[in-house]
Amino acid sequence: MQNYLSKKAVGISPYTAGAQPKEKNIIKLNTNENPYPPSPKTLQAYENFDAKKLRLYPRPDGGELRKTIAEIFKLHESYVFCGNGSDEVLGFAYDAFFDKDIMFPNITYSFFPVWADLFDITYNLLPLNANFTIPIDKLKAPGGIVLANPNAPTGIALSLDDVQKVLKNNKDCVVIVDEAYGAFGAQSAAPLVPEYENLLIVNTLSKSHSLAGLRIGYALGQPHLIDGLVRIKDSFNSYPIDSIAQCVAAAALRDKEYYSGIAKKIMATRESTKKRLEDLGYSVLPSCSNFLFVTHKSKKAADIKKYLEENKIFVRHFNAPLISDYLRISIGTDEQMDTLIQKLTKFEG
Ligand code: PMP
């Protein structure tokens, strides 16, 4: 058959997302979703939404959602960009700020190299230290830096001082700090935004606000950076967030008490699960996120994953250099983690 694809479509290696199994009654610990439902106030906003309004296009800038994010971070609205999930915001950011010679760690969010390839941006991978921490002083590139804090899939967080070092070492290019997992114990760099003209923070409501299905991401940065993102957005899709999503996401962000409560619960479950896994012979990296990155002293990660899947528990295994012995386990409810530990205890034989 004739090849109908562009050179780009043929040449790229797309990102592989964690599986979304169709089976019912599974324990899903493979894509870092929040195990708790959106808050009652969030669900109320969804129910109260006047569907007749769907006749009109939504606000292209996120409207009420953008205003709410600006209020929360005590920034002017011109410092806020809203997008359809943080993956979209990150993709726009690559297109807006990077031409060539960017850098990110060799073990990090596996979407980072995919956007670089998509937009033909050359990149260098910075090898992590043996304990999976980032050698901060070496994170330096002329064209741009991309950093997940906490890092994924390790869960290890950088201090604010370290983020500041990266910003100072890379003054002539944009430093993107992806804080997708920032709600679970890391220090946010958001307070640095007014001070650093090269800082772009990207965040999502997928994990912290139990809204992975709504697709809401946002960026914080000085207005010249936000303008860059808007230029790319308006050259691709002017209305990335639908009216329902704008309204529901804004209600979720206003309900701080509920969401900080479930983040605390997840952090407590994470720490107790870490200890129980260590008792079973696993090494567990210190995590500031809603997942644990673990390796067993003798059993192969791929075998553990297969066994868990047979028992209807889904975790993530990356068959990639340096981390193929590891599993990434999202933190579920206490009950779900009890079942996980029970099954893993059985697997010990
Ligand atoms: N950043 C990191 C580090 C992630 O793990 C994810 C989730 N896969 C995202 C960004 C994207 O999240 P979303 O598009 O759901 O906002």
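Shown above is the structure to which this text applies.
Summary of the structure given here. In this text the structure is predicted, and so the values were computed from the model without any measurement. Sequence order sets the numbering: in each chain, residues are counted from 1 along the sequence as written. Only residues with pLDDT of 70 or above have their local features reported here, since the model is predicted, and side-chain atom pairs are shown and tallied only from 80 upward, although totals for entire chains, interfaces and linings are computed over all residues. Only hydrogens and water are set aside; all other atoms, that is, all heavy atoms of the structure, feed into the side-chain values.

What follows covers the packing of helix H10 (residues 301–310) against helix H11 (residues 334–348). Axis separation between H10 and H11 bottoms out at 11 Å; the angle between their running directions is 120 degrees. The pairing of H10 with H11 is recorded here as oblique in orientation. Both H10 and H11 take part in a crossing whose hand is right-handed. Taking contact as the criterion, the partners of Asp 303, Ile 304, Tyr 307 and Leu 308 in H10 are, on H11, Leu 340, Lys 343, Leu 344, Lys 346 and Phe 347. Note that Gly is not counted as nonpolar here; it falls among the polar residues with everything else outside the nonpolar set of Ala, Val, Leu, Ile, Met, Phe, Trp, Tyr, Cys and Pro and the charged set of Asp, Glu, Lys and Arg. Per-class residue counts for the contact of H10 with H11 are six nonpolar, no polar and three charged. Each axis is a line fitted through C-alpha atoms, taken for helices only over the stretch in contact, and angles between the N-to-C directions span 0 to 180 degrees. Only DSSP runs of H or I reaching four residues or more are called helices, and only runs of E reaching two or more are called strands; each is numbered from the N terminus. When describing relative orientation, an angle under 35 degrees is termed roughly parallel and one over 145 degrees roughly antiparallel, while 65 to 115 degrees is termed roughly perpendicular and anything else oblique. For any helix crossing, the convention is left-handed if the near helix is rotated counterclockwise from the far helix by under a right angle, and right-handed if that rotation is clockwise. Whether two residues are in contact is decided by their heavy atoms: any pair within 4.5 Å suffices.

A word on the layout of surface pockets. One number sums up the size of the largest pocket: a volume of about 1000 Å³. Forming the walls of the largest pocket are 43 residues, and the residues nearest its centre are Tyr 15, Tyr 109, Ser 110, Arg 316 and Arg 328. For the lining of the largest pocket, the secondary-structure elements that each account for two or more residues are helix H4 (86–97), strand E3 (102–105), helix H5 (112–118) and strand E4 (123–126). For the lining of the largest pocket, a count of residues per class yields 24 nonpolar, 12 polar and seven charged. Put plainly, a pocket is an open set of points on a 1 Å grid over the protein atoms alone with protein on both sides within 12 Å along at least five of seven lines, a cavity is a set where a 1.4 Å probe fits but cannot get out, and a lining residue has an atom within 4 Å of a point. Grid points are joined across faces, edges and corners, and a volume is the space filled by probe spheres set on the points. There is about 510 Å³ of room inside the second largest pocket. Lining the second largest pocket are 24 residues, with Gly 182, Ala 183, Asn 203, Ser 208 and His 209 sitting closest to its centre. Listed by contribution, the elements that provide at least two residues to the lining of the second largest pocket are strand E7 (199–204), strand E8 (217–220) and helix H9 (256–279). With six residues, the top contributor of residues to the lining of the second largest pocket is H9.

In contact at an axis separation of 11 Å, H9 and H11 are set at 10 degrees when each is read in the N-to-C sense. As judged from the angle between their axes, H9 and H11 are roughly parallel. Here Thr 269, Thr 273, Arg 276 and Leu 277 of H9 lie close against H11, whose contacting residues are Asp 334, Met 337, Asp 338, Ile 341 and Leu 344. Considered class by class, the residues forming the contact of H9 with H11 number four nonpolar, two polar and three charged.

A word on the environment of Leu 199. As for its placement among the helices and strands, Leu 199 is situated in strand E7. In sequence terms Leu 199 and Thr 333 are 134 residues apart; their C-alpha atoms lie 35 Å from each other. In contact with Leu 199, not counting residues within four places along its chain, are Leu 167, Val 175, Val 177, Ala 189, Leu 192, Val 193, Leu 220, Gly 221 and Leu 225.

Any carboxyl oxygen of Asp or Glu within 4 Å of a side-chain nitrogen of Lys or Arg constitutes a salt bridge here. In this structure the tally under the stated criterion is 15 salt bridges. Two residues, Glu 23 and Lys 312, come together in a salt bridge whose shortest N-O distance is 3.8 Å. With Glu 23 in the loop between helix H1 (7–11) and strand E1 (27–28) and Lys 312 in the loop between H10 and strand E11 (313–314), this pair connects stretches of sequence that are 289 residues apart. Classification of residues uses two cut-offs on accessible area relative to the type maximum, computed with a 1.4 Å probe and protein chains only: under 20% is buried, over 50% is exposed, and between them is partly exposed. The class for Glu 23 is partly exposed, based on a relative accessible area of 43%. Of the residues examined, Lys 312 reaches a relative accessible area of 36% and is grouped as partly exposed. The salt bridge partner of Lys 28 is Glu 33, with a shortest N-O separation of 2.8 Å. Judged by its relative accessible area of 27%, Glu 33 is partly exposed.

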